[in-house]
Amino acid sequence: MSELTEQTLLRKLQRLAKGDSLRARLLRGGAGSLIVKSLNAVIAFLLAITLARTLGAEGFGVYSFILTLITLLAIPAQVGVPQVVIRETAKAQSAQHWGRLRGLWKWANRYVLMFSLVLMACAIALLFLRPSWLYEDRWNALFAGMLLIPVIALANVRAGALRGLRHIVIGLLPEKIIKPALTLVLILLVSIFSYSHFPIEPWFALVLHMGAASLAFMFGAYMLRKICLLLLVRWRLI
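1. Section: the overall build of the chain
Part 1: For the chain, the helix and strand inventory stands at eight helices and zero strands.
Part 2: Counting from the amino terminus, helix and strand elements in the chain follow one another as α-α-α-α-α-α-α-α.
Part 3: Counting across all 238 residues of the chain, residues that qualify as buried make up 38%.
Part 4: Contacts in the chain between residues far apart in sequence, at least 24 positions, make up 76% of those at least 6 positions apart.
Part 5: In the structure as shown, the chain presents an accessible area of about 14,100 Å², 69% of it carried by carbon and sulfur atoms.

2. Let's talk about the confidence of the model for the chain
Part 1: Per-residue confidence for the chain averages 82 on the pLDDT scale, and 80% of its residues sit at or above 70.
Part 2: Per-element mean pLDDT across the chain ranges from 50 in helix H1 (residues 2-17) up to 92 in helix H6 (residues 148-164).

3. A look at a nonpolar patch on the surface
Part 1: Where nonpolar side chains cluster on the molecular surface, the patch consists of Val79, Trp107, Tyr111, Met114 and Val118 and spans about 430 Å² of accessible area.
Part 2: Relative accessible area serves as the criterion here: at 36%, Trp107 is assigned to the partly exposed category.

4. Some words on the layout of surface pockets
Part 1: For the second largest pocket, the calculated volume is near 160 Å³.
Part 2: Breaking the lining of the second largest pocket down by element, the ones donating at least two residues are helix H4 (98-129), H6 and helix H8 (202-237).
Part 3: At five residues, the largest contribution of residues to the lining of the second largest pocket is made by H8.

Rules behind the numbers
- Residues numbered from 1 in each chain as written.
- Predicted model: local features only at pLDDT ≥ 70, side-chain atom pairs only at ≥ 80, totals over all residues.
- Heavy atoms only, no water.
- Helix = DSSP H or I, 4+ residues; strand = E, 2+ residues; numbered from the N terminus.
- Buried < 20%, exposed > 50% of the residue type's maximum accessible area, 1.4 Å probe, protein only.
- Contact = heavy atoms within 4.5 Å.
- Areas by Shrake-Rupley, 256 points an atom, 1.4 Å probe, with all protein chains shown as cover.
- pLDDT = per-residue confidence, 0-100.
- Patch = residues over 30% accessible without salt bridge, like charges linked within 9 Å, V, L, I, M, F, W, Y side chains within 5 Å.
- Salt bridge = Lys/Arg side-chain N within 4 Å of Asp/Glu carboxyl O.
- 1 Å grid on protein atoms, 1.4 Å probe; cavity = no way out; pocket = protein on both sides within 12 Å on 5 of 7 lines; lining within 4 Å.
- Points joined across faces, edges and corners; volume = space filled by probe spheres on them.

Structure below.
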């Protein structure tokens, strides 16, 4: 009896998730987001273990501190633009206004990049005001991690554009799955092939994180471009 009830419930959910209605999109997006976030938790756990073993307790503490600080600095760099992009992208898509979409995304990227560079310049200036800081490992790591500020901010703008286009799961993939997975792979490869000759320092782990974030950003940009091309073809056929 319970198996029959479960099968009936599954069939009902499958029917509800089909089609292009708002309820179907919400169900698909919610289920996809849950899967992505669950995988992210697993990958993040494996990455934390690998970094702790590779960097040691002190090095891992420096890496975590700098990454948290950089993530916080990236918030004011975005100045609320991703939320505007989500809302205005959805409006422009509903109106099938390609010119408005292009203008919005160019403005958002330019605005966020400008604020990111200003924040980076201010943070670097603070480092050079105290030259003694430059000889400490954590500040060297911070200097290396500064490059992540524009990447994080621009990635959130791109994710906002994908969410506005109703591709929630694709918008989550680069930051939640691809970036941590690539970071894990890069850390493992470097630790396996060069650990005895070149022990990994926190600043170098952040450089590897930067490389993974850049590759994830390029994947997200590629997916956004591909979705836009499909939209243009669809609009022209209507």
